[in-house]
Amino acid sequence: TSEPVGTSSTGNPTGPFFDLGGGLDLGGGPKLQPQLWYSVEDLLVYVELNRGDGKVAQLVTSTIKPNPSLAGPVNSCGLTMLPDGSLLGSRGIAGSTRMFHVPDPPTVAGEIDVTILGMLPGKLYVEALHTDCEGRVYLVDTGVDGSNNVGNRLLRFTGDYLAKDFKYEVISDLQVAVSADIDDMAPGIDAQGQVVDNPGFAMDSGVVYMLDYTDGSGTMLGMAGTYGIHALGGQLFDDKKSRLYVLDIDANVYEADPKTLALSPVLATGPMLMSGNKPGN
């Protein structure tokens, strides 16, 4: 499987959102570095994990160069890693979402440019992005606003989004199917400890769900973190153990037990924000 995702967001006082990202898992070949990514305000954060124990080896912060196309108020920022290791992102506010691409995500600190892909059609307000093991990209349209589940839908791109073809299909009405305001999505971990597409994990303000990406139905599992969740396959680690990570509103990264959601001690804490907003918002 390959499924690295992440999303994040900035200062929405009625319900800010945050999600984090993953690492490429091809199930064979050379050893690849397990990693998590998140973006908040003008920052892109790389979290490198140890292959041996899954703890954080280093946390590196890059700054997105000022870009008029990304300027102005932003309520949510989605982020997902594509199969080639590049990052697809979204910046949304009620009624509109702008997509962007990071072709070569940096693992050393610095200033970076992003490629602006354009605005999504149909007044979509995207809050979360997710790439499955087949490379299909899913989106959560958060509806009227990000503080409730009214109008929430699970979507999937059908067009060539990197070529600015943003055609999509609607998988389900999340307001009915899962009755939650989903902030982040991730692959799942099955009973044998393997990363799988279905069912996956999803999060709504710290409430963790089991989510079916074929119909958008979900089952509540418990509480962990705040706005970010991601599972990484055992092929990325020396002990072959798949791992689940969550991130909280203070930008603390934890490993979570995929069955009980019990949290590890804090593995790392992301950077503070110049705006004074919560760093995990």
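Asks: Tell me about the environment of Ser275, and name the residues and values.
Replies: For Ser275, the location among the structural elements is in the segment after strand 21 (268–269). For the pair Ser275 and Glu41, spaced 234 residues apart in sequence, the C-alpha to C-alpha distance is 8.8 Å. At 3.2 Å, the side chain of Ser275 forms a polar contact with the backbone nitrogen of Asn277.

Asks: Break down the pairing of strand 7 (residues 96–102) for me, with residues and values.
Replies: Successive side chains on a regular strand alternate, one facing one side of the sheet and the next facing the other. In terms of residue burial, strand 7 counts as a mostly covered element, since 5 of its 7 residues are buried. Summarising the sheet, strand 6 (residues 87–93) and strand 7 pair through 7 bridges and their orientation is antiparallel. Considered in strand 7, the bridge of Arg91 is made with Arg98. Remark: 2 residues form the turn of the hairpin made by strand 6 and strand 7, two consecutive strands paired antiparallel; Gly95 in that turn has positive phi of roughly 95 degrees. Note: strand 7 against strand 9 (residues 115–119), 4 bridges, orientation antiparallel.

Asks: Please provide a residue-by-residue account of the sheet that holds strand 18 (residues 228–232), values included.
Replies: With respect to topology, 4 strands assemble into an open sheet ordered 18-19-20-21, the strand pairing being antiparallel. Here the strands that pair on one side only, and so sit at the sheet edges, are strand 18 and strand 21. With 4 bridges connecting them, strand 19 (residues 243–247) and strand 20 (residues 252–256) associate as antiparallel partners. Across the sheet, the residue bridging to Val246 is Tyr254, located in strand 20.

Asks: Just give me the short version of the pattern of salt bridges, but keep the residues and values in it.
Replies: Considering all chains together, one arrives at 10 salt bridges under this definition. A salt bridge links Arg243 to Glu255, with the shortest nitrogen-to-oxygen separation between them at 3.6 Å. Linking Arg243 in strand 19 with Glu255 in strand 20, this pair joins segments that are 12 residues apart in sequence. With respect to class, Arg243 is no different from Glu255; both count as buried. Residues Lys278 and Asp250 are paired through a salt bridge, measuring 3.0 Å at the closest nitrogen-oxygen approach. Highlighted residues: Lys278 in the segment after strand 21 and Asp250 in the loop between strand 19 and strand 20, separated in sequence by 28 residues. What you see here is one network of salt bridges that share partners, running through Asp239, Lys241, Arg243 and Glu255.

Asks: Help me get a handle on the packing of aromatic side chains, residues and values and all.
Replies: Taken as a whole and judged by the stated rule, the model has 4 aromatic pairs. Here the aromatic rings of Trp37 and Tyr46 are separated by 4.9 Å at their centres, their planes lie at 45 degrees, and the arrangement is tilted. For the pair Trp37 and Tyr46, one class covers both residues: buried. Summarising the aromatic geometry, the rings of Phe157 and Tyr161 are spaced 5.2 Å apart at their centres and angled 25 degrees between planes, so their arrangement reads as stacked. Residue Phe157 is classed as buried on the basis of its relative accessible area, which comes to 9%.

Quick notes on the rules
Residues numbered from 1 in each chain as written. Predicted model: local features only at pLDDT ≥ 70, side-chain atom pairs only at ≥ 80, totals over all residues. Heavy atoms only, no water. Helix = DSSP H or I, 4+ residues; strand = E, 2+ residues; numbered from the N terminus. Polar contact = N/O pair within 3.5 Å; in protein donor to acceptor, adjacent residues only side chain to side chain. Buried < 20%, exposed > 50% of the residue type's maximum accessible area, 1.4 Å probe, protein only. Pairing = 2+ DSSP bridges. Salt bridge = Lys/Arg side-chain N within 4 Å of Asp/Glu carboxyl O. Phe/Tyr/Trp six-rings, centres within 6.5 Å; stacked < 30°, edge-to-face > 60°.

Without other data, these values stay purely geometric and don't point to any function.
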